[in-house]
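Take a look at the letters that make up each chain.
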Amino acid sequence: VQAYIAAMPGWKRELGELLDELIMRAVPQARKAVKYNEPFYGVDPESDVWFVSFRCFTKYLKLTFFSGTSLDPQPPKGSKVPNVRYFEIFEDDEVDEELLTSWFTQASQLPGEKI
């Protein structure tokens, strides 16, 4: 995951570093893997179950919360996949670290998704 983040272009690299830091601070026991060209975070070392991932797009970075419909408040963007919610961060957005940390903590305590 650290190599993936280091390869992220421009402002997305700093955001990736911040997200990784916030996730690990909220969920110190989280494990990391890069799957399908994006960092995934999970809590069970014996399974492929994950609670959040993020991916770079041209103009934004998208967080995927696999049990996002159970988060309070729910991330704003829905998905075709039941329970999944997205949160997009653009270059000039102010990052709400408190909200993200709350989501990471909540998501880590939910069932997650086997990927």
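Residues numbered from 1 in each chain as written. Predicted model: local features only at pLDDT ≥ 70, side-chain atom pairs only at ≥ 80, totals over all residues. Heavy atoms only, no water.

**Remarks on the packing of aromatic side chains**
Phase 1 of the analysis: Following the criterion strictly, the structure yields 8 aromatic pairs and no others.
Phase 2 of the analysis: Their ring planes at 70° and their centres at 5.9 Å tell us that phenylalanine 40 and tryptophan 50 sit as a pair that is edge-to-face. Separated by 10 residues along the polypeptide, phenylalanine 40 in strand 2 (residues 38-42) and tryptophan 50 in strand 3 (residues 49-50) bring together distant segments of the chain.
Phase 3 of the analysis: On the accessibility criterion, phenylalanine 40 (3% relative accessible area) is buried.
Phase 4 of the analysis: Centre to centre, the rings of phenylalanine 57 and tyrosine 60 are 5.0 Å apart; their planes meet at 15°, and the pair counts as stacked.
Phase 5 of the analysis: Residue phenylalanine 57 is classed as partly exposed on the basis of its relative accessible area of 27%.
Phase 6 of the analysis: Joined through ring pairs, the aromatic side chains of Phe65, Phe87, Trp103 and Phe104 make up one cluster. (Phe/Tyr/Trp six-rings, centres within 6.5 Å; stacked < 30°, edge-to-face > 60°. Helix = DSSP H or I, 4+ residues; strand = E, 2+ residues; numbered from the N terminus. Buried < 20%, exposed > 50% of the residue type's maximum accessible area, 1.4 Å probe, protein only.)

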